[in-house]
Amino acid sequence: MVKLTDDYLNNPTPFEEAGVRVPKYAQDKLIEHTNENPVWVHFGGGNLFRCFHSVIAQDLINKGELDSGIIVADTYDDEVINEVYKPYSNRFLSVVMKNDGLDKELVASVTDSVYANSKNKAGLEKLKDIFKKPTLQLATFSITEKGYVLKDMNDNLTKGAEHDLSSDPDSAITNMGIIANLLLSRYKAGKLPIAMVSTDNFSQNGKRLEEAVQLIANGWVKNGFADQGFLEYLSDPKQVSFPWSMIDRITPNPSEKVSKELVEDGIKDAAIVHTDKHTNIAPFGNTEETHYLVIEDSFPNGRPKLEDAGVFMTDRETVNDADQMKVTACLNPLHTSLAIFGCLLDFHSIADEAVDDDLLKMIKNLGYGEDLPVVKDPKIINPKEFISTLITKRLPNKNIPDTPQRIASDTSQKVGIRYGVTIQHYVDNLKLDPANLEFIPMIIAGWCRYLMAIDDNGNVFTPSPDPLYDQLHEYVKDIKIGDSESDVHEKLQLILSNKSIFGNDLYEIGLGNKIEDYFKQMITKPGAVRETIHQTVEEKGKY
Ligand SMILES: NC(=O)c1ccc[n+]([C@@H]2O[C@H](COP(=O)([O-])OP(=O)(O)OC[C@H]3O[C@@H](n4cnc5c(N)ncnc54)[C@H](O)[C@@H]3O)[C@@H](O)[C@H]2O)c1
Ligand SMILES: O=P(O)(O)OC[C@@H](O)[C@@H](O)[C@H](O)[C@H](O)CO
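Residues numbered from 1 in each chain as written. Chains lettered and ligands numbered in written order. Predicted model: local features only at pLDDT ≥ 70, side-chain atom pairs only at ≥ 80, totals over all residues. Heavy atoms only, no water.

Participant: Can you walk me through the overall build of the protein chain in this structure?
Facilitator: In terms of regular secondary structure, the protein chain is built from 24 helices and 15 strands. In terms of C-alpha radius of gyration, the protein chain reaches 23 Å, essentially the compact-globule figure of 24 Å for 543 residues. Reported as C-alpha extents along the three principal axes, the dimensions of the protein chain are approximately 70 × 60 × 40 Å. Looking at the protein chain as a whole, 59% of its 543 residues qualify as buried. Look at the contacts in the protein chain between residues 6 or more apart in sequence, and 76% of them connect residues 24 or more apart. As displayed, the protein chain offers around 21,100 Å² of accessible surface, 47% of which is attributable to carbon and sulfur atoms. (Helix = DSSP H or I, 4+ residues; strand = E, 2+ residues; numbered from the N terminus. Rg over C-alpha atoms; globule rule 2.2 N^0.38 Å. Buried < 20%, exposed > 50% of the residue type's maximum accessible area, 1.4 Å probe, protein only. Contact = heavy atoms within 4.5 Å. Areas by Shrake-Rupley, 256 points an atom, 1.4 Å probe, with all protein chains shown as cover.)

This is the structure in structure tokens:
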């Protein structure tokens with residue numbers, strides 16, 4: 001059996017026999033060079049990173065266009081570093097699930113992995129030293145939507161954020177506080193330039209990262225922990241830029257089936273780890289073939305030739321259009337609708353949902369019918385073709401072991417992006433009326449129904465992790481299936497009027513009552529969720 005830590009350069013045969021492509025460079029030399037000349041730090045080395053960013057770096061290193069690797073940093077989950085990076089010399093397999101089988105590549109582009117936060121001072125100091133190096137050009141992020149949070153659902157600072165704004169930067173406990181502290185080190189080392197590139201799934205992701213870092217920095221200046229110059233440094237894109245990006249590659253949690261196939265192929269390291277903080281990770285990552293990465297070309301300290309590894313480097317407007325197209329309209333809203341109803345209808349495979357007649361009609365009506373009319377064409381990708389490929393090829397691909405339960409995690413952090421932006425377009429466009437929407441309200445009603453944690457058969461299910469779940473569940477937990485006396489309005493209005501969740505008070509724009517009506521239909525009896533979807537696609541659907 002071949003191990004990930006085996007010598008792939010001098011003895012590639014066991015890897016070749018297991019069908020694994022190996023790097024064309026020596027990892028030890030790369031490590032040596034990167035230690036002295038770090039260029040790229042990535043925060044959140046989860047599954048997406050292991051199948052996308054790290055492979056881009058590997059392509060460039062293989063071509064001789066990049067001579068430094070990536071340093072992975074995690075401020076949140078120590079098990080990610082200790083269970084799947086350190087034991088394998090920071091190597092892993094990237095597995096692309098093609099129609100005709102698995103394409104396996106050993107990735108060695110990660111040169112170091114660091115767990116860093118106020119509890120792990122050694123890791124923090126190590127990252128600070130890296131941030132003081134003039135060679136550092138970029139930090140990328142795939143830390144999930146909640147990694148950026150500094151305010152709660154009532155728009156008040158979280159306890160962590162309050163602490164960070166008024167405390168010594170080295171004691172920062174929020175993820176954003178730690179990032180701001182690293183930038184403070186870089187500022188103090190001579191106002192060195194850097195690009196901070198969020199590749200998380202929300203529109204204007206760079207702006208959100210920038211605003212979060214600045215919120216913390218303002219607190220530090222006010223409380224005497226940093227000088228005014230730090231704010232000027234953060235606000236000057238020639239010193240610190242926060243490029244916007246769009247990233248697309250469906251990367252499910254590591255699958256048992258893939259793990260088994262790897263072992264059958266003769267690969268020893270394939271055991272999946274489920275961490276206490278709910279990261280599902282393995283010595284391999286599994287992903288689909290289709291992928292897009294679009295990044296605003298704003299890198300004040302230079303950058304690797306990312307375009308030579310297939311990345312679209314473009315202007316902010318094009319990135320924003322591509323991102324709005326994907327995240328708010330043509331992919332992620334469809335995904336979240338399948339996630340919500342998949343959990344309620346007891347599905348465990350997105351591919352199975354994508355061939356279910358009612359659900360297929362639902363995503364077509366949502367995508368083509370309600371989202372597409374308000375999408376601005378980004379020109380580099382055709383939105384209609386993008387939805388068609390998604391619906392006909394990507395989602396129904398049985399080789400991609402994606403589950404509604406993965407996508408349903410953190411839904412409270414996503415609904416504002418995945419439905420709220422489209423709703424806002426209907427509010428802003430004088431020719432359109434949000435009150436005419438049908439599928440978005442039905443899906444939001446489905447989410448409220450999901451929050452009850454009782455499926456459509458009347459059985460209790462375990463909802464996916466979500467920072468607001470407990471609070472939101474509290475509002476709907478006493479509603480009973482079949483109880484028409486339940487005061488739905490009193491309970492749902494606590495959710496639907498919350499502007500920090502949806503961006504609007506949904507009653508003020510004529511959607512609240514419609515959502516309540518769909519919700520009432522969904523609680524009439526076991527099976528009512530399925531019936532509501534069926535009836536809606538048949539009566540209101542055009543596709
Ligand atoms: N998986 C995909 O299909 C996909 C595709 C496009 C974009 N994305 C974006 O990438 C993000 C990560 O996806 P993934 O599949 O790698 O997830 P993952 O669960 O495999 O990894 C998440 C990583 O983020 C870290 N993290 C989690 N919560 C954090 C917090 N509060 N603060 C700091 N770090 C935190 C974890 O430690 C882990 O390293 C998604 O949330 C999404 O925004 C994912
Ligand atoms: O990654 P999240 O949690 O923001 O969303 C779950 C999925 O919708 C998402 O990961 C998609 O697979 C991805 O956006 C496809 O590019």
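Having seen it, we continue.
Participant: When you look at the pattern of salt bridges in this model, what are you seeing that I'm missing?
Facilitator: When the charged atoms of two side chains lie near each other, side chains of opposite charge can form a pair. On inspection of all chains with the given rule, the structure shows 32 salt bridges. A salt bridge links Asp-410 to Lys-146; its shortest N-O distance comes to 3.2 Å. Within this pair, whereas Asp-410 is found in the loop between helix H17 (404–407) and helix H18 (411–428), its partner Lys-146 is found in the loop between strand S7 (138–141) and helix H7 (159–165), the two being separated by 264 residues in sequence. By relative accessible area, which is 28% here, Lys-146 ends up partly exposed. Across the pair Arg-303 and Glu-307 runs a salt bridge, and its minimum N-O distance is 2.7 Å. In this structure Glu-307 comes out as partly exposed when scored by relative accessible area, which is 36%. Through salt bridges with shared partners, one network takes in Arg-21, Asp-103 and Glu-105. (Salt bridge = Lys/Arg side-chain N within 4 Å of Asp/Glu carboxyl O.)

Participant: Honestly, the site of ligand 1 in this entry has me stumped. Any pointers?
Facilitator: Around ligand 1 sit 24 residues in total, of which Asn-47, Asp-74, Asp-200, Asn-201 and Thr-251 are the nearest. In this structure, Gly-45 approaches ligand 1 through a main-chain N or O atom, which is 3.5 Å from an oxygen atom. Between ligand 1 and the protein, one listed contact pairs an oxygen atom with a backbone N or O atom of Asn-201 at 2.9 Å. Coverage of ligand 1 by the protein chains reaches 90% of its 830 Å² of free accessible surface. In the shell around ligand 1, the residues fall into five nonpolar, 12 polar and seven charged. (Near = heavy atom within 4 Å. Polar contact = N/O pair within 3.5 Å; in protein donor to acceptor, adjacent residues only side chain to side chain. Nonpolar A, V, L, I, M, F, W, Y, C, P; charged D, E, K, R; others polar.)

Participant: Teacher, can you tell me more about unusual backbone geometry here?
Facilitator: As a rule of thumb, non-glycine residues mostly have phi less than zero, and peptide bonds are mostly trans rather than cis. We note that Ser-89 has phi near 50 degrees; this positive angle belongs to a residue other than glycine. Along the polypeptide, Ser-89 turns up in the loop between helix H5 (78–85) and strand S4 (92–98). A relative accessible area of 33% means that Ser-89 is categorised as partly exposed. Here the phi dihedral of Asp-155 falls at roughly 70 degrees; this positive angle occurs in a residue that is not glycine. Inspection of the secondary structure puts Asp-155 in the loop between S7 and H7.

Participant: What's the story with empty space enclosed by the protein in this structure? I'm lost.
Facilitator: To find the voids left in a structure, one rolls a probe of water-molecule size over its atoms. Evaluated as defined, the whole model comprises two cavities of 30 Å³ or more. Quantified by volume, the largest cavity comes out at close to 70 Å³. Trp-40, His-53, Ile-56, Leu-138, Thr-140, Val-197, Thr-199, Leu-293, Ile-295, Phe-299, Leu-306 and Val-311 are the residues that line the largest cavity. The set of elements that each furnish at least two residues to the lining of the largest cavity consists of helix H4 (53–62), S7 and strand S14 (292–296). Its residues placed into classes, the lining of the largest cavity shows nine nonpolar, three polar and no charged. In this structure, the second largest cavity spans a volume of roughly 50 Å³. If you go around the second largest cavity, the residues you meet are Ile-250, His-335, Ile-350, Ala-351, Arg-394, Leu-395, Asn-397, Ile-400 and Asp-402. The class makeup of the residues in the lining of the second largest cavity is five nonpolar, two polar and two charged. (1 Å grid on protein atoms, 1.4 Å probe; cavity = no way out; pocket = protein on both sides within 12 Å on 5 of 7 lines; lining within 4 Å. Points joined across faces, edges and corners; volume = space filled by probe spheres on them.)

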